[in-house]
Amino acid sequence: MTFDPRTGSAELMRAALRVAVHAPDRGDVPVGAVVFDPDGAELASACNAREALADPTAHAEVLALRAAARQHADGWRLDGCTLVVTIEPCTMCAGAAVLARVAHIVFGAWEPRTGAVGSLWDVVRDRRLNHRPEVLGGVLAGECAELLDRFFAAQRPTS
């Protein structure tokens, strides 16, 4: 039987939330990503590390995809895998998921300013591409958004 991320999407997102909470410890925005193999076993997880690594590409999704590719049996191809992330992926991360050939993208909070999986753009459903992952958005969106809201509220100086 093949793993279906839709049936356990809340539990998958809770795994990503558990990872996301570590990003602020390093000065990064709390975004977490987890990659699950086709059977539902966790391959890799990561939180944002742009500040910690001084790397503009160190988004949680990219770091998790890189780590998962090292673990997965098919090299860089993550066929049948599921990427779970606490916020809608940006253009770079959506493109990376497409190029990695993930089967599913599950995300939490919508990102109307930079989201590329349905909000501002829809990179993953572009019919010109040769791979289009299935998308499930808005999973535990309130919890995911609250984590971000708390982080940014703490960044603002109080007057």
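Presented here is an overview of the structure given in this document. If you're wondering where the values come from, they're calculated on a predicted model, not measured in any experiment. (Residues numbered from 1 in each chain as written. Predicted model: local features only at pLDDT ≥ 70, side-chain atom pairs only at ≥ 80, totals over all residues. Heavy atoms only, no water.)

Let us now look at the pairing of strand β2 (residues 42-47). In this sheet, β2 lies alongside strand β1 (residues 32-36) in antiparallel orientation, the contact comprising 5 bridges. Opposite Gly-32, over in β2, you have Cys-47 as the bridge partner. Linking two consecutive strands that pair antiparallel, namely β1 and β2, is a turn of 5 residues; a positive phi of about 95° is found at Gly-40 within it. (Pairing = 2+ DSSP bridges. Helix = DSSP H or I, 4+ residues; strand = E, 2+ residues; numbered from the N terminus.)

The next point concerns the environment of Leu-65. When you line up the elements, Leu-65 lands in helix α3 (residues 60-71). The contact partners of Leu-65, leaving out residues within four places of it in the chain, are Val-35, Leu-78, Ala-96, Ala-97, Ala-100 and Val-102. (Contact = heavy atoms within 4.5 Å.)

The next thing to look at is helix α1 (residues 9-20). Helix length check: α1 (12 residues) gives 16 Å between terminal C-alpha atoms against 16 Å at 1.5 Å per residue, within 8%. Listed in full, the buried residues belonging to α1 are Ser-9, Leu-12, Met-13, Ala-15, Ala-16, Leu-17, Val-19 and Ala-20. Tucked into the core, α1 has its buried residues touching β1, β2, β3 (82-87), β4 (104-109), β5 (134-136) and α5 (141-155). (Expected span 1.5 Å × (residues − 1). Buried < 20%, exposed > 50% of the residue type's maximum accessible area, 1.4 Å probe, protein only.)

Turning our attention to the sheet that holds β3. The 5 strands are arranged β2-β1-β3-β4-β5 in an open sheet whose pairing can be described as mixed. The sheet is open, and its two edges are formed by β2 and β5, each paired on a single side. Going from strand to strand, the sheet's axes swing by 15° on average, the running direction of each strand aside. Across 5 bridges, the pairing between β3 and β4 is parallel. Paired with Leu-83 across the two strands is Ile-105, which belongs to β4. Across the sheet, α3 touches β1, β2 and β3, and the angle it forms with β2 is around 150°. (Axes fitted to C-alpha atoms, helices over the stretch in contact; angles between N-to-C directions.)

Attention shifts here to unusual backbone geometry. Most peptide bonds are trans, and most residues other than glycine sit at a negative phi. A positive phi angle is found at Ala-54, which is not glycine, with a value near 50°. Inspection of the secondary structure assignment puts Ala-54 in the loop between α2 (50-53) and α3.

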